[in-house]
Amino acid sequence: MESHTGDNINRRVWLVVLVNFLLGFATQGSNLFVPLLGAQLGASDSQVGLVGAVYGAAFLLSSLVSGWKSDQTGRLLFVRRGLLASSAAFAAQLLAGNVALLMLMRGMVGFALGIATAAAIAYAFECGIDMGKFSSYGSLGWIFGAMAAALVEDIYLLFWISFVVCLAAFIASLFFQETTALRRSLSPKLFQVLRRNYRIYFAVFLRHLGATAVWVILPLYLSSLGVSKFWIGLLWGVNFAVQFVVMRYLEHYSEYKVFAFGQALSFFVFVVFAYVTGKLPLVLVMALLGVAWSCLYVGALLIVLRSGEERGTSSGIFQSTLNLCNALGPLLGGLIAEGFGYRSVLFFAAALSVAGMFIAIPAKSKEPGLDIKS
């Protein structure tokens, strides 16, 4: 009986990380060349930023509401509907023949992904899965998505690949089973959950705001340095490969120290990025950026998930914080790049990383002691 129960748990764990891998694959494969597609369709740098802002804003609203509601009605409804809607939205991007349609389709993708993401994180936590390892499989999916982009290079073919891969994630999610924790009746209050860890959310917001400003112009910046699409995809793959390795070991350390280290390293990386030009130095900087994001993401995620039972709401706010950055960062990145050049965006990101460090310093460093398997 114990062996049978253990097999069921292992199968559930592998199904959950498989879905996270497939979702990361589909998302990154679809996202990477969107700035370049926008430029091909005649968008200015600021309009490219606006495309990213529409995606982030839709993701923000969707993940906040879906995470909150999943605390009341269960995770699986949102995970499955979100994955199915995401696969359809990835395919709908094939209709993006001008800048306006590209904005609309990216908004649809963001909204659909938001339905699934917060609930999936809470579900994984309540299954007792190591959140560092869970997150690492998302990064592994990003590796495959980035490498697919590097090899395929055709953005419309990548949209088809994202559709198929996300549909496979939906099919895998049909074998999920609801966790016991979700059968409890919760009436989470958004403000109370937000207030509990507002310094962490704000610190993450500042750092990630700078990062998303960088990501939207980075393919354009690298292209201006003479870097090919293949190498752009390869550099993204290096970043995600490092994340996959590093995230798997972070849960063994204090989440507060891990989070602080991620903030400090982010500042260093953004400054250095403004000065490197060779391919090998770029590979090294991308690797360090992968370490920085791994520490910041996993550290912050563990802090908020261990702070109370409203895990869907907490992960929803966390994802909404990231996606508020996804809404504002690309817009700021496009405007700054258009007015002051691409390197100015990197310095902007470095300054926000420093601000985030100071915001997070007064946050409590006492571990709540919440049992991750409860």
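Rules of the game
Residues numbered from 1 in each chain as written. Predicted model: local features only at pLDDT ≥ 70, side-chain atom pairs only at ≥ 80, totals over all residues. Heavy atoms only, no water. Helix = DSSP H or I, 4+ residues; strand = E, 2+ residues; numbered from the N terminus. Buried < 20%, exposed > 50% of the residue type's maximum accessible area, 1.4 Å probe, protein only. Contact = heavy atoms within 4.5 Å. Areas by Shrake-Rupley, 256 points an atom, 1.4 Å probe, with all protein chains shown as cover. Patch = residues over 30% accessible without salt bridge, like charges linked within 9 Å, V, L, I, M, F, W, Y side chains within 5 Å. Salt bridge = Lys/Arg side-chain N within 4 Å of Asp/Glu carboxyl O. Core = buried A, V, L, I, M, F, W, Y, C linked by side-chain atoms within 4.5 Å. pLDDT = per-residue confidence, 0-100. Expected span 1.5 Å × (residues − 1). Bend = angle between axes of the 7 residues up to and from the residue. Polar contact = N/O pair within 3.5 Å; in protein donor to acceptor, adjacent residues only side chain to side chain.

1. Observations concerning the overall build of the protein
Part 1 of the argument: In terms of helices and strands, the protein carries 14 helices and 0 strands.
Part 2 of the argument: For the protein, the α and β elements follow one another from N to C terminus as α-α-α-α-α-α-α-α-α-α-α-α-α-α.
Part 3 of the argument: Across the 374 residues in the protein, those meeting the buried criterion constitute 59%.
Part 4 of the argument: Counting only contacts in the protein whose residues sit at least 6 apart along the sequence, the fraction spanning at least 24 positions is 88%.
Part 5 of the argument: As displayed, the protein offers around 14900 Å² of accessible surface, 68% of which is attributable to carbon and sulfur atoms.

2. Quick word on a nonpolar patch on the surface
Part 1 of the argument: On the surface, a cluster of nonpolar side chains totalling about 320 Å² of accessible area is made up of I171, L174 and F175.
Part 2 of the argument: Inspection of the secondary structure assignment puts I171 in helix α7 (residues 155–173).

3. Some details on the nonpolar core
Part 1 of the argument: Counting residues in hydrophobic clusters, the biggest one holds 121 residues, and the most contacted among them are L83, M131, W236, F259, F273, Y297 and F318.
Part 2 of the argument: The leading source of residues in this core is helix α12 (residues 279–305), at 17 residues.
Part 3 of the argument: Sequence-distant contacts of F259, defined by excluding residues within four places in its chain, comprise I200, A203, V204, C295, L296, G299, A300, I303 and A360.
Part 4 of the argument: In this structure, F205, L206, L209 and C325 belong to the second largest nonpolar core, which totals 5 residues.

4. Topic: the confidence of the model for the protein
Part 1 of the argument: Taken over all residues, the pLDDT of the protein has a mean of 82, while the share at 70 or more is 89%.
Part 2 of the argument: The least confident element of the protein, judged by mean pLDDT, is helix α8 (residues 190–196) at 70; the most confident is α7 at 93.
Part 3 of the argument: For residues 364–374, every residue scores under 50 in pLDDT, and the model assigns this stretch 24 contacts once sequence neighbours within four places are set aside.

5. A few points about helix α5 (residues 99–126)
Part 1 of the argument: Between its first and last C-alpha atoms α5 spans 41 Å; for 28 residues at 1.5 Å apiece the expected length is 40 Å, and the two agree.
Part 2 of the argument: G114 marks the point of greatest bend in α5, at about 30°.
Part 3 of the argument: Within α5, 23 of the 28 residues are buried, leaving the element largely enclosed by the surrounding structure.
Part 4 of the argument: Where α5 starts, the residue carrying a side-chain oxygen 3.2 Å from the main-chain nitrogen of A100 turns out to be N98.

6. Observations regarding the side chain of S62
Part 1 of the argument: The topology assignment puts S62 in helix α3 (residues 45–73).
Part 2 of the argument: Discounting residues that sit within four places of it in the chain, S62 has contacts with F111, G114 and I115.

7. Observations regarding helix α4 (residues 76–92)
For an α-helix, 3.6 residues make a turn, and residues three or four places apart therefore share a direction.
Part 1 of the argument: Under the 1.5 Å per step criterion, the end-to-end length of α4 is 24 Å for 17 residues, consistent within 8% with the ideal 24 Å.
Part 2 of the argument: When α4 is considered as a whole, its buried residues turn out to be L76, F78, V79, G82, L83, S86, S87, A89, F90, A91 and A92.

8. Structural notes on the environment of A360
Part 1 of the argument: With respect to the helices, strands and loops of the structure, A360 is situated in helix α14 (residues 342–360).
Part 2 of the argument: C-alpha separation for the pair A360 and F202, spaced 158 residues apart in sequence, amounts to 8.0 Å.
Part 3 of the argument: Other than its neighbours up to four places away in sequence, A360 contacts A203 and F259.

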